[in-house]
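Chain by chain, the residues run as shown.
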Protein chains: 2
Amino acid sequence: MSGSKQLKLGAFMRPVSIHTGAWRYPGALPDANFNFPALKRFIQKLEQGKFDAFFMADHLAVLNMPINALKRSHTVTSFEPFTLLSALASVTEHIGLVATASTTYDQPYHIARRFASLDHISGGRAGWNIVTTANPDAALNFGLEEQIEHDERYVRAREFYEVVTGLWDSFADDAFVRDVESGIYFDPEKIHVLNHQGKHLSVRGPLNIARPVQGWPVIVQAGASEAGRQLAAATAEVVFASAGNLEMGKAFYADIKGRVRSPSGGRFAPSLGRDPDSIKILPGALVVVGETVAEARAKRVHLDSLVHYESGIASLNSALGYDVSHFDPDGYLPEIPPTNAGKTSRERVIAMAQRENLTIRQLAQRIGSYGGLAFVGTPQSIADEMEQWLIEEGSDGFNIMFPFLPEGLNDFVDKVIPELQRRGIFRQEYEGKTLRENLGLTRPANRFFQTATTSVR
Amino acid sequence: MSGSKQLKLGAFMRPVSIHTGAWRYPGALPDANFNFPALKRFIQKLEQGKFDAFFMADHLAVLNMPINALKRSHTVTSFEPFTLLSALASVTEHIGLVATASTTYDQPYHIARRFASLDHISGGRAGWNIVTTANPDAALNFGLEEQIEHDERYVRAREFYEVVTGLWDSFADDAFVRDVESGIYFDPEKIHVLNHQGKHLSVRGPLNIARPVQGWPVIVQAGASEAGRQLAAATAEVVFASAGNLEMGKAFYADIKGRVRSPSGGRFAPSLGRDPDSIKILPGALVVVGETVAEARAKRVHLDSLVHYESGIASLNSALGYDVSHFDPDGYLPEIPPTNAGKTSRERVIAMAQRENLTIRQLAQRIGSYGGLAFVGTPQSIADEMEQWLIEEGSDGFNIMFPFLPEGLNDFVDKVIPELQRRGIFRQEYEGKTLRENLGLTRPANRFFQTATTSVR
């Protein structure tokens, strides 16, 4: 068992489920969006299953669907990630807590503080999922008439990352001496004023918070566009990938690990090469467990049937950044002009329609339920697929999505996890105390201070 | 006991203490700034004492003191309020959670979401302490070269409040029908798009979160300038007052309750009159408990002696917004020119120096330790003073500050609270489930939707 490559597992959560039909599934909790005791049970079950991390997605606007589709969706509202993950920090001990935060609609001083604070509260379990926010409606909630252009959002994201990590390094790890006798609380030689002046940001610092337990919270990135891949190669320690099948997964894995080894030097990735093991690639995967493969497939068919066509077409329009609802639903997609929406999502949907020869209606039903990678089968068949991805370098693990809660989550923890453990590809116990230690990532040195326990970056 | 006027008690907390010498006091926890288990014990003890609320102050910069004073201060860093209070929400059941958030350096969409989320997580225990952020160094951390002028910050605060409360009203209280049969998750007639366009803010909405449990989290305000009083009279439900003695407290109390009854119609308070009982005035008060008055006084003398002169003079400069360290410390204050710092703090310090004939050195030592209202004595003498304030309309209760932790907090809960309860002026059990219910405040109606349980505002 020891020595074999190990899966890393995150749970990619929405309170009700990522599947838009899930709130209607028998046994589901339609009110989970604001049901904290339910979320507490979910994360404690994931911790029992030794999951690496609990990922919480975020949106900075009500999703831009027509109201007739929106009214059918449980995804319209839920807890804000920092408040939720902080509340969950005090009822868990081991599992990582990954919050999404936007580099487009927030300030680096706030973001640096909140993640540092969550890292201190949780004893080193925080992770930052860096997003640039593709939803154009978000701009309208933050005083802008239109969103910043796609690639420029990534230029800002790169600068934002430098500022946030620089703020985390404001104090040396050993700055706080707290010498009661002399009355010296911290060593004034061990505080650094950032004085950042850049294209998008001007931030003096220092941060008013001690260096995080992990040095820096774990950096997570999910962008799959060229700009997103460059940013991930330069900065990310976990990549939340979106790979529809093993072939796509292997291509993405090879691309990112290759960029990390020998970065392209593009405008978003001007930094040095890194160890490819310092970045973990975790594709999102919906997992539906049954006693038999047929039973698992029947569950998914039932689940998909709970999605209304109006919601499907709205999700398709949102994914394309283009309204196709006035075309014949039983015909094929028209030519979709380029838009300012997320490029990757649009390209993936168009490719899926072409690959599987789907009509607009079929595509809408797929996208409205869940169009990405799925493992649907028995604990054995699911473990077989996961092991294959791990061995063939399709991924370093997965971000698991549960089709309905709590049943789908309980099935995974009670049935799939033990099978992965039996095969020696998933931990029996947490390896360390911090998210970073459990993921096998090194603690970053402070760029401004060399200390006994860390080396200069 | 029933029928008599009741004290409302908040705890105004810094993790180590609000007193800058406290980290050196015997038995103190110098590392409490990032010691979550200690904070958990503190709040659970406060809840055992039936406190209304736990208040957490906030700063958006390292305090602007010279480094030689800063290095002696435990106030340089601590948890960020939202992450801390959210983490504390899941380990408490009754106590209110009041977070400070700035209307100058944040966005109303973020603020509305976080407070709504904290209110849902805590079952209706959130409160928003509205601040405009007086520290000019904060501007430098948020891309500005200098801070916005004092009164203009209050104009923005008033608009910000309207936007945040409007966003909280995005959904009717009964919007979420979650009808599994029909597939309708929420009633599309019960979502409101704010479309705010104002002088400082442009926010479309709707908020992507259900209406808070309390309708709106409790609104708290601490400004004491003319602009601050107008804003409090128009919006606040709790006023964190700063009154040096009973005479000042009565004058402030009469002023605010009078404004509430018949508002001045100033530029910050254009709204209608309100019930004076709908606003609770809670002055901050340091409480030092002893077996005898002499023992309590000796504790305070010991505590003050732990403050270094350099820290005292820095605090004095900060409070004045003006550097007086090059004047003779044994002489009196020079004429202080008006600055862009908080007006009230400056005026209060100047008045204290004149009233008590203090030299710069004496004033520095006072301000560097704690210069405000203090009750120093036995549980009986402290309860006597509190009762007098309540009866004579100096306040509706207090925001208690503990001189050192945990001892000062434990003394208050174990010795002073029972004495207040014996006199029938403080609760034996929480009256309700929400902070609003415990404070005796009504739940605000939704301005956009009339429902069976609330009336139109």
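Scroll up to find the structure this text is about.
Since this is a predicted model, take the numbers as computed values, not measurements.

Q: Explain the overall build of chain A here, please?
A: The secondary structure content of chain A amounts to 15 helices and 11 strands. Computed over its C-alpha atoms, the radius of gyration of chain A comes to 22 Å, within 12% of the 23 Å expected for a compact globule of 457 residues. Projected onto its principal axes, the C-alpha coordinates of chain A cover approximately 75 × 50 × 45 Å. Counting the 457 residues in chain A, one finds 63% classified as buried. Within chain A, contacts between residues at least 6 apart in sequence are counted, and of these 78% link residues at least 24 apart. Accessible area of chain A: about 16100 Å², with a carbon and sulfur share of 50%. Taken as two groups, the 47 positive and 52 negative side-chain charges of chain A have centres that lie 1 Å from each other.

Q: Whenever I open this one, the side chain of D52 of chain A confuses me. Can you help?
A: Residue and element names in this part refer to chain A. With respect to the secondary-structure elements, D52 resides in the loop between α1 (36–48) and β2 (53–56). By relative accessible area, which is 2% here, D52 ends up buried. In this structure the side chain of D52 is engaged in a polar contact, spanning 2.6 Å, whose partner is the side chain of R427. Filtering out sequence-adjacent residues up to four positions away, D52 remains in contact with L7, K8, L9, I95, G96, F426, R427, L435, N438 and L439.

Q: Looking at this model, I keep getting lost on the pairing of strand β2 (residues 53–56) of chain B. Mind explaining?
A: Two faces make up the sheet, and in a regular strand the side chains alternate between them. Residues and elements named next belong to chain B. Side chains A53 and F55 of β2 all project onto a buried face; the interleaved residues F54 and M56 project onto the opposite face, where all are buried too. Taken together, strand β1 (residues 8–13), helix α1 (residues 36–48) and β2 constitute a β-α-β crossover, and its handedness is right-handed. The pairing of β2 with strand β3 (residues 96–102) spans 4 bridges and is parallel. Directly across from M56, in β3, lies its bridge partner A99.

Q: What am I meant to see in the relation of the copies chain A and chain B here?
A: Between the two copies of the chain lies a rotation about an axis combined with a shift along it. Note on the copies: chain A fits chain B at an RMSD of 0.0 Å, the axial shift is 0.0 Å, and the rotation between them is 180 degrees. Between the two chains, the operation in question is that of a two-fold axis. Using C-alpha coordinates, one finds that chain A approaches the rotation axis most closely at A87 of chain A, a distance of 2.0 Å. Looking at the interface residues of chain A, 100% of them are also at the interface in chain B, so both copies use one shared face.

Q: What is the right way to read the environment of L358 of chain A from this model?
A: The topology assignment puts L358 of chain A in the loop between α11 (343–356) and α12 (360–369). Taking the C-alpha atoms as reference points, L358 of chain A and G371 of chain A, separated by 13 residues in sequence, lie 12 Å from one another.

Q: Quick question: what am I supposed to make of the side chain of K257 of chain B here?
A: Residue and element names in this part refer to chain B. Here K257 is to be found in helix α8 (residues 246–261). Looking at K257, the relative accessible area reads 5%, which means it is buried. Polar side-chain contacts of K257 include one of 3.0 Å to the backbone oxygen of P276. In contact with K257, not counting residues within four places along its chain, are P276, D277, I279, I281 and D396.

Q: I keep staring at the pattern of salt bridges and nothing clicks. Help me out?
A: Between side chains of opposite charge, a pair can form when the charged atoms approach closely. Residue and element names in this part refer to chain A. Evaluation of the coordinates by the stated rule reveals 66 salt bridges over all chains. A salt bridge links R423 to E387, with the shortest nitrogen-to-oxygen separation between them at 3.0 Å. Of this pair, R423 sits in the loop between α14 (407–422) and α15 (435–439) while E387 sits in helix α13 (residues 379–391), placing them 36 residues apart in sequence. By relative accessible area, which is 24% here, R423 ends up partly exposed. By relative accessible area, E387 is classed as partly exposed at 22%. Taken together, the shared-partner salt bridges in this structure form one network comprising R158, E162, D169, D173, R211, R443 and R447.

Q: Teacher, can you tell me more about the environment of K415 of chain A here?
A: Residues and elements named next belong to chain A. By secondary structure assignment, the location of K415 is in helix α14. Spatially, the C-alpha atom of K415 lies 9.9 Å from that of E291, the residues being 124 residues apart in sequence. Non-local contacts of K415, meaning those with residues more than four positions away in its chain, are made with V289, E291, P379 and N410.

Q: It is not clear to me how the packing of aromatic side chains should be interpreted in this structure. Could you clarify?
A: For the structure on display, the rule yields 44 aromatic pairs over all chains. The interplanar angle of 75 degrees and the centroid separation of 5.7 Å between the aromatic rings of F55 of chain B and F240 of chain B together place this pair among those described as edge-to-face. On the criterion of sequence distance, the pair formed by F55 of chain B in strand β2 and F240 of chain B in strand β8 (residues 238–241) is long-range, its members being 185 residues apart. Neither residue differs from the other here; F55 of chain B and F240 of chain B are each classed as buried. Plain terms: the ring middles of F375 of chain B and F398 of chain B are 5.3 Å apart, the flat faces sit at 90 degrees to each other, and that makes the pair edge-to-face. In this pair, F375 of chain B is assigned in strand β10 (residues 374–377) and F398 of chain B in strand β11 (residues 397–401), connecting sequence segments 23 residues apart. By relative accessible area, F375 of chain B is classed as buried at 1%. Among the aromatic side chains, those forming a connected cluster through ring pairs are W23 of chain A together with F171, F176, Y185 and F186 of chain B.

What counts and how
Residues numbered from 1 in each chain as written. Chains lettered and ligands numbered in written order. Predicted model: local features only at pLDDT ≥ 70, side-chain atom pairs only at ≥ 80, totals over all residues. Heavy atoms only, no water. Helix = DSSP H or I, 4+ residues; strand = E, 2+ residues; numbered from the N terminus. Rg over C-alpha atoms; globule rule 2.2 N^0.38 Å. Buried < 20%, exposed > 50% of the residue type's maximum accessible area, 1.4 Å probe, protein only. Contact = heavy atoms within 4.5 Å. Areas by Shrake-Rupley, 256 points an atom, 1.4 Å probe, with all protein chains shown as cover. Lys, Arg positive; Asp, Glu negative; His and termini not counted. Charge placed at Lys NZ, Arg CZ, Asp CG, Glu CD. Polar contact = N/O pair within 3.5 Å; in protein donor to acceptor, adjacent residues only side chain to side chain. Right-handed = clockwise from strand over helix to strand, strands pointing away. Pairing = 2+ DSSP bridges. Least-squares fit on C-alpha atoms with pLDDT ≥ 70 in both. Salt bridge = Lys/Arg side-chain N within 4 Å of Asp/Glu carboxyl O. Phe/Tyr/Trp six-rings, centres within 6.5 Å; stacked < 30°, edge-to-face > 60°.

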